[in-house]
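Here is what each chain is made of, one letter per residue.
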Amino acid sequence: MTSIRLNTNEAWLYPEICEVIRLFLGDVEIREDAGETRITHIHECVSPGVWRESAESCLGRESVETKQTLSGGLEEKRQIKRAAKTAVFLLLSKALNRMPPWGSLTGIRPTRLIYEAMEKGMSAGEAEKWVMDEFYVSKEKASLLTEIIEMQKGFITPEENTFDLYIGIPFCVTRCAYCSFASGEIGNGRLTEPYVEALTREIRSTSHLMKEMGLTLRAGYVGGGTPTAITCGQLERVLDEAMTAFPGAREWTVEAGRPDTIDSEKLRMLKRQAVSRISVNPQTFSNETLRVIGRAHTAEDTLKAYHLAREEGFDHINMDLIAALPGETYMDFERTLKIVTELNPESVTVHSLAIKRSSKLHERLTVEGSSHNQANAEDADNMIRLARNMLKDGGWKPYYLYRQKYMAGNLENVGYAKRGHACLYNIGNMEETAKVLALGAGAITKWLFPRERRIERAPNVKNIEEYIKRVDEMTERKRRLIKEDTQ
Ligand code: SF4
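Residues numbered from 1 in each chain as written. Predicted model: local features only at pLDDT ≥ 70, side-chain atom pairs only at ≥ 80, totals over all residues. Heavy atoms only, no water.

Colleague: Can you walk me through the packing of helix 5 (residues 139-152) against helix 13 (residues 377-393) in this structure?
Modeller: Helix packing geometry: the angle between the two helix axes and the distance between the axes. Relative orientation of the contacting elements helix 5 and helix 13 amounts to 35°, with a least axis distance of 13 Å. For the pair helix 5 and helix 13, the sense of crossing is left-handed. Here Glu140, Lys141, Ser143, Leu144 and Glu147 of helix 5 lie close against helix 13, whose contacting residues are Asp381, Ile384, Arg385 and Arg388. (Axes fitted to C-alpha atoms, helices over the stretch in contact; angles between N-to-C directions. Helix = DSSP H or I, 4+ residues; strand = E, 2+ residues; numbered from the N terminus. Left-handed = near helix turned anticlockwise from the far one by under 90°. Contact = heavy atoms within 4.5 Å.)

Colleague: Would you explain helix 10 (residues 299-311) in this entry?
Modeller: Since there are 3.6 residues in each turn of an α-helix, residues three or four apart along the chain are aligned in direction. With 13 residues, helix 10 extends 19 Å between its outermost C-alpha atoms, agreeing within 8% with the 18 Å of an ideal straight helix rising 1.5 Å per residue. Of all the residues in helix 10, the buried ones are Ala299, Thr302, Ala305, Tyr306, Leu308 and Ala309. In this structure, the buried side of helix 10 is in contact with helix 8 (264-272), strand 11 (277-279), helix 9 (287-292), strand 12 (317-323) and helix 11 (330-343). Just downstream of helix 10, Gly313 is the residue with a positive phi angle, here 95°. (Expected span 1.5 Å × (residues − 1). Buried < 20%, exposed > 50% of the residue type's maximum accessible area, 1.4 Å probe, protein only.)

Colleague: What's the story with the confidence of the model for the chain in this structure? I'm lost.
Modeller: For residues with low pLDDT, the predicted coordinates do not support detailed interpretation. For the chain, mean pLDDT is 92; residues scoring 70 or higher make up 96% of the total. Mean pLDDT values for the elements of the chain range from 72 in helix 12 (residues 360-368) up to 98 in strand 16 (residues 436-439). (pLDDT = per-residue confidence, 0-100.)

Colleague: Even after reading the chapter, I still don't get the domain arrangement of the chain, so can you show me in this structure?
Modeller: Interface size is often expressed as the accessible area that is lost when the parts come together. Splitting the chain by domain gives domain 1 (1-98), domain 2 (99-150) and domain 3 (162-475). Distance between the C-alpha centres of domain 2 and domain 3: 27 Å. Across the boundary between the two partners, domain 2 contributes 15 residues, which contact 18 residues of domain 3. Carbon and sulfur atoms supply 46% of the area buried between domain 2 and domain 3, which totals about 1,500 Å² over both sides. On the domain 2 side of the interface with domain 3, the three residues burying the most area are Arg109, Glu140 and Ile148, jointly 35% of the side's total. At the surface where domain 2 touches domain 3, the tally comes to 6 salt bridges. The partner of Glu412 in a salt bridge is Lys141, with the nearest N and O atoms 2.8 Å apart. Summed over the shared surface of domain 2 and domain 3, the result is 11 residue pairs in polar contact (both at pLDDT 80 or more). Elements supplying a minimum of two residues to the side of domain 2 that touches domain 3: helix 3 (110-119) and helix 5. The leading source of residues in the side of domain 2 that touches domain 3 is helix 5, at 7 residues. When grouped by side-chain class, the residues that make up the side of domain 2 that touches domain 3 number 8 nonpolar, 2 polar and 5 charged. (Domains from an automatic or database assignment. Buried area = accessible area lost by both parts, 1.4 Å probe. Salt bridge = Lys/Arg side-chain N within 4 Å of Asp/Glu carboxyl O. Polar contact = N/O pair within 3.5 Å; in protein donor to acceptor, adjacent residues only side chain to side chain. Nonpolar A, V, L, I, M, F, W, Y, C, P; charged D, E, K, R; others polar.)

Colleague: Would you mind going over the sheet that holds strand 1 (residues 3-8) with me for this structure?
Modeller: Two modes of strand pairing occur in sheets, parallel and antiparallel, and in both the strands are linked by backbone hydrogen bonds. On the basis of which strands lie adjacent, the open sheet formed by 5 strands has the order 2-1-3-4-5 and mixed pairing. With partners counted over all chains shown, the strands left at the sheet margins are strand 2 (29-31) and strand 5 (60-67), one partner each. Averaged over all adjacent pairs, the angle separating strand axes in this sheet is 20°, with direction ignored. Where strand 4 (residues 50-57) and strand 5 come together, 8 bridges link them in antiparallel fashion. Paired with Val50 across the bridge in strand 5 is Lys67. Taken strand by strand, helix 1 (residues 14-25) contacts strand 1, strand 2 and strand 3 (37-47), and its axis lies near 150° from that of strand 1. (Pairing = 2+ DSSP bridges.)

Colleague: Honestly, the packing of aromatic side chains in this entry has me stumped. Any pointers?
Modeller: Two measures describe an aromatic ring pair: the distance that separates the ring centres and the angle between the ring planes. Counted under the stated rule, the structure contains 11 aromatic pairs. Geometrically, the ring pair formed by Phe24 and Phe89 is tilted, given 5.4 Å between the ring centres and 50° between the ring planes. Within this pair, whereas Phe24 is found in helix 1, its partner Phe89 is found in helix 2 (residues 74-96), the two being separated by 65 residues in sequence. Considered together, Phe24 and Phe89 belong to a single accessibility category, that of buried residues. Here the aromatic rings of Phe89 and Tyr136 are separated by 5.5 Å at their centres, their planes lie at 25°, and the arrangement is stacked. In this pair, Phe89 is assigned in helix 2 and Tyr136 in the loop between helix 4 (124-135) and helix 5, connecting sequence segments 47 residues apart. Under the relative-accessibility criterion, Tyr136 is labelled partly exposed at 27%. By the ring-pair criterion, three or more aromatic residues cluster together here, those being Phe24, Phe89 and Tyr136. Residue placement shows Lys77 over the ring face of Trp12; its charged tip is 4.7 Å from the ring centre. Sitting over the ring of Phe449, Arg454 keeps its end group 4.1 Å from the ring centre. (Phe/Tyr/Trp six-rings, centres within 6.5 Å; stacked < 30°, edge-to-face > 60°. Lys NZ or Arg CZ within 6 Å of the ring centre and 35° of its normal.)

Dropping the structure here:
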């Protein structure tokens, strides 16, 4: 099946159904007017208050019924959506004889479902069973969720009158082949100075806003890009400004992701600025893969940077890894995991490679054809399971999880940490339980209105030059949103 003709009599469900089809068929073409295989979804009323969602094609037919109060409210829509997705999911699962590990779940944070179920009075065990029965989530993934929720206890709800802060530095030394971020190559560095000027201006003006609102910083996070790609002096100015503007945070993380951007001078400066947590990201310890993915550094550079960070006194280092990189086998990934567990960082984030359309890798694998094929879904699944087991044996526990589109094997990204080393920012941001003020090009402020349980977004423009020109407008955008928050 390389193209699908999909029709539904409820247009608002079209994108949702496409997501389910992609769970099975990946980045397949889906159109209303043509396609090799036809799938039709029908939403119909079978008796007062009872709706039927049917999915049919030459592959078979599946139906799911829901009882409604006929209020037409959000909850009713949600149930119809779930039932429609389930019908299409069952149709494809039976026809292709496959059960994706996350079942029919798309577009929702899986932990949120567990939290919602527990709020309705279910125990963790009951909630685990409910996601398995209702959404066909595998036992393995369902227990991963309850383990995460156990780890998040005590951190999930930030203290009142606090916010978390994200500062984006969107420059990198070279562009990784799988990158889909709006970060730019640093090139001759002509934009870094005006960028730092604009960013420090945004830090100062939003610090006034936070004071007016009576909010204090809980967790700060400097990401990118690669923050350590700019000069030591420039990064120090940003950190100095941020620490002065927003004092008293419980943690500060700086992504020093690319080992080729780390040296003793920068590490000492980060220590001086009271940065509590840094990331040194190997992604893989295979030099061949590093070359293929365009990282422009070697595995030896990663080891050197890691040991240097330890020598400079960092006692919380995170390492990011990617499973299912092009050309990598299970044994390559196992070797990477062995090295990481021996290094013993305080936290490890395991990603499943997501090949987004905007990445160079997507072009290489799909348009040009490449000799470095990505691992298949089964291999990716085995790699992710291996990571979980090896990290568990070494004392790391899963503490946050998110899924993205186009991930290898429809899997997940999981943050693991040793006891006492979970990153507050990551939990608050992923679970959407914190108010997140985000500064810099492409950064998205996600403001939580707890009473109404809604999140509103205020995105900054992605283009670096536009951001520099329009930084005051970005602050104003945030001011308008945050001033609504009177709770
Ligand atoms: S380091 Fe991260 S942001 Fe920079 S190019 Fe690579 S994936 Fe993109």
